[in-house]
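# Working through the structure, step by step
The chain contents come next:
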Amino acid sequence: MYVHLAIPIGLLALVTAAGGVVAVTRGWVPRKVRQGVKRPHVYGWGLLAAAFSIGLLAADWAIVADREFRMPGQMLAVMAMGLSSGVIQASRRPADGDRHDGGKS
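First things first, this report covers the structure right here in the doc. Just so we're clear, the structure is a prediction, and the values are computed from it rather than from any experiment.

On to the packing of helix α1 (residues 3-26) against helix α3 (residues 40-63). Running from N to C, α1 and α3 cross one another at 165°; their axes reach a closest spacing of 7 Å. In this view, α1 runs roughly antiparallel relative to α3, as classed from their interaxial angle. In this structure, α1 meets α3 at a crossing whose hand is left-handed. Broken down by class, the residue content of the contact of α1 with α3 amounts to 21 nonpolar, seven polar and no charged.

Here's what the structure looks like:
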């Protein structure tokens, strides 16, 4: 039981979930990533999925004491994190070289 690690990671999950809720409901994205996000609602759903996987990892560390039962939960959290990062990347604007219109704006 890693409660000393689960508490800060659980707080990180709450902050990430708050950012996802704001992006989904209001379409607001933080200033640092605003230029790179084309679809804020998809970005918000990706943040909510990331918050779920981070929260799952924190709950796994806080609740499960037996190591053989902890591994499947950690694997599920890592897989969910990979899927959520794909959703977040799908919401981004393409780089200048990745445009399909030949780089014309």
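Alright, that's what it looks like, and here's the rest.
A separate point is a nonpolar patch on the surface. On the surface, a nonpolar cluster with roughly 390 Å² of combined accessible area is contributed by Val3, Ile7, Leu11 and Leu14. Locating Leu14 in the fold gives a position in helix α1. Classification of Leu14 by relative accessible area gives exposed; the value is 58%.

Among the secondary structure elements, Gly73 is positioned in helix α4 (residues 67-90). Note on Gly73: relative accessible area 17%, which makes it buried. Linking Gly73 and Ala59, residues 14 residues apart in sequence, is a C-alpha distance of 9.1 Å. In this structure Gly73 touches Leu56 and Asp60, once residues within four positions along its chain are discounted.

The rules we used
All residue numbers refer to positions counted from 1 along the written sequence of the respective chain. Residue-level local features of this predicted model are given only where pLDDT is at least 70; pairs of side-chain atoms are given and counted only at 80 or more, and the full residue set underlies all totals for whole chains, interfaces and linings. The basis for every side-chain value is the complete set of heavy atoms in the structure, and neither hydrogens nor water enter the calculation. To get an axis, a line is fitted to the C-alpha atoms, and for a helix only the part in contact is used. The angle between two axes follows their N-to-C directions and goes from 0 to 180 degrees. Strands are runs of DSSP state E lasting at least 2 residues, helices are runs of H or I lasting at least 4, and numbering of each runs from the N terminus. What sets the label is the angle itself: under 35 degrees gives roughly parallel, over 145 gives roughly antiparallel, 65 to 115 gives roughly perpendicular, and the rest give oblique. Left-handed describes a crossing in which the near helix is turned anticlockwise from the far one by less than a right angle; the clockwise case is right-handed. In this classification, the charged set is Asp, Glu, Lys and Arg, the nonpolar set is Ala, Val, Leu, Ile, Met, Phe, Trp, Tyr, Cys and Pro, and all remaining amino acids, among them Gly, are polar. Exposure above 30% relative accessible area and no salt bridge define the residues that can form patches, which grow by joining like charges within 9 Å and nonpolar side chains of Val, Leu, Ile, Met, Phe, Trp and Tyr within 5 Å. All accessibility values rest on the Shrake-Rupley procedure with a 1.4 Å probe; residue burial counts only the protein chains present in the view. We define a salt bridge as a side-chain nitrogen of Lys or Arg found within 4 Å of a carboxyl oxygen belonging to Asp or Glu. Accessible area is worked out with a 1.4 Å probe on protein chains only. A residue is then buried under 20% of its type maximum, exposed over 50%, and partly exposed in between. Only heavy atoms enter the contact rule, under which two residues are in contact if any of them lie within 4.5 Å.

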